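# Architecture at a glance
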Amino acid sequence: MEVLDNKCPGCGAKINFNPVNQTWDCDYCGSKFTLEEMQKYSNASSVEVNTEQIQNKTLDKFVTYHCSNCGAEIMADETTVATFCVYCGSTAILKEKIENGRAPDLIIPFKNTKEDASKAFSNVTRYKPLMPKEFRQLKNIEKISGIYIPFWAYDIVCDGNVTFSCTDTSHWSDSKYRYTKVDRYSSTIEGHFDYEKVLADASSRFKDELMDSIEPFDYQELKEYNHAYLAGFFAEKYDVSEDNAYIRAKERTMNTCVELAQGETHHQSSIINNNQFNLVKSSTNYIMLPVWMVNIKYKDKLYTFAMNGQSGKMVGDIPIGIKETIIWGLIIFIVTFLICLLVVLL
Ligand SMILES: [Zn+2]
Ligand SMILES: [Zn+2]
């Protein structure tokens, strides 16, 4: 892995990743650079380093922001400054140096911009008269942040067999009797499955339902992680360990294998008798997926809006405002009353 400086090779100013062109653009001198060009510059300016040094050097370029309100730990490169917590909006965040940790292996870079996200958010909230005013306020919309959500991705090999007790039932009748015939079988299905990148959420803070709703991500666009992709964005540090998340990934993989084997029995019904599938994890990747997110507080509750940073798919729920409901109720009442009065008078 190449460690890139988030500095413009032309003038040395801070450089940001541009999701639209997938380039690094310098606002200061107007230059644009591809990953290859950034790497060339980095190669010319750095000496040979080993893997461990690269790992340390990568993390060296990060700072974390610890939120004392909700406990979130958000990473950013040293030139991207956080002024509030993306999860709870609190400004009580402490900047800390990363002590230890693991740099991500793979990343899907952002493909849409903050403007795209703000526009999508405004579209969702348009024509909703009963929506609380907090969801219209520019200061809240401006808080939309690009954040990389951490995941563990496992390559898993499943080998073995599973035995099912199967039955086929048929019915027929003649002039005297009705017949039912039940055939019983024992069916053993052998299988070998190779799964690549079975995902498990590595963040306890980002709600699973939310992630499910903004999926899918196109994993064809996974790139080898480079620190430079983080320029201008935030990344959440994983808080679910590789081993803990694997328990869920393993369960999901096992269920899929058994289901596929069950499909091969070709009988009307089948019940698992003996499951001898054995799962082996061949490798683990730490990956980052792009999400635009804003959390808006209304009546002491946080409402999250999230947009897939790759596809643009957006989700979020909007509450009904009490004040807005009363005002609109009154307006409708007065208008109806006036119409009735006019009808009576004319
Ligand atoms: Zn420049
Ligand atoms: Zn927070």
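Residues numbered from 1 in each chain as written. Chains lettered and ligands numbered in written order. Predicted model: local features only at pLDDT ≥ 70, side-chain atom pairs only at ≥ 80, totals over all residues. Heavy atoms only, no water.

## Observations concerning the overall build of the protein chain
Of regular secondary structure, the protein chain possesses seven helices and 15 strands. Dimensions of the protein chain along its principal axes, counting C-alpha atoms only, are 90 × 90 × 35 Å. Put simply, the protein chain has 346 residues, and 42% of those count as buried. In the protein chain, the share of contacts with a sequence separation of at least 24, taken over all contacts with a separation of at least 6, comes to 74%. Of the roughly 19200 Å² that the protein chain leaves accessible, carbon and sulfur atoms contribute 53%. (Helix = DSSP H or I, 4+ residues; strand = E, 2+ residues; numbered from the N terminus. Buried < 20%, exposed > 50% of the residue type's maximum accessible area, 1.4 Å probe, protein only. Contact = heavy atoms within 4.5 Å. Areas by Shrake-Rupley, 256 points an atom, 1.4 Å probe, with all protein chains shown as cover.)

## So, the coordination of the zinc ion (ligand 2)
The coordination sphere of the zinc ion (ligand 2) contains the protein donors C67 (SG), C70 (SG), C85 (SG) and C88 (SG), at a distance range of 2.3 Å. The coordination sphere of the zinc ion (ligand 2) comprises four donor atoms, whose angles at the metal cover 102 to 112°; the geometry is tetrahedral. A residue is classified by how much of its surface remains accessible, and C70, at 28% relative accessible area, is partly exposed. Its relative accessible area of 13% is what places C88 among the buried residues. (Donors = N, O, S within 2.8 Å, 3.2 Å for Na, K, Ca; no water. Tetrahedral: all angles 85-135°; square planar, octahedral: opposite > 155°, others 65-115°.)

## Structural notes on the domain arrangement of the protein chain
Here the protein chain is described as being made up of domain 1 (16-152 + 198-240 + 286-326) and domain 2 (156-193 + 251-283). Computed from C-alpha atoms alone, the centre-to-centre distance between domain 1 and domain 2 is 44 Å. (Domains from an automatic or database assignment.)

## Some words on the pattern of salt bridges
Counted by the stated rule, this structure contains six salt bridges. For K32, the salt bridge is made with D25, and the minimal N-O distance between the two is 3.3 Å. Put simply, E73 and K237 hold a salt bridge, and the shortest N to O gap is 3.9 Å. Of this pair, E73 sits in strand β5 (residues 73-77) while K237 sits in the loop between β11 (234-236) and α6 (242-263), placing them 164 residues apart in sequence. Judged by its relative accessible area of 25%, E73 is partly exposed. Taking the relative accessible area as the measure of exposure, K237 reaches 23% and is therefore partly exposed. (Salt bridge = Lys/Arg side-chain N within 4 Å of Asp/Glu carboxyl O.)

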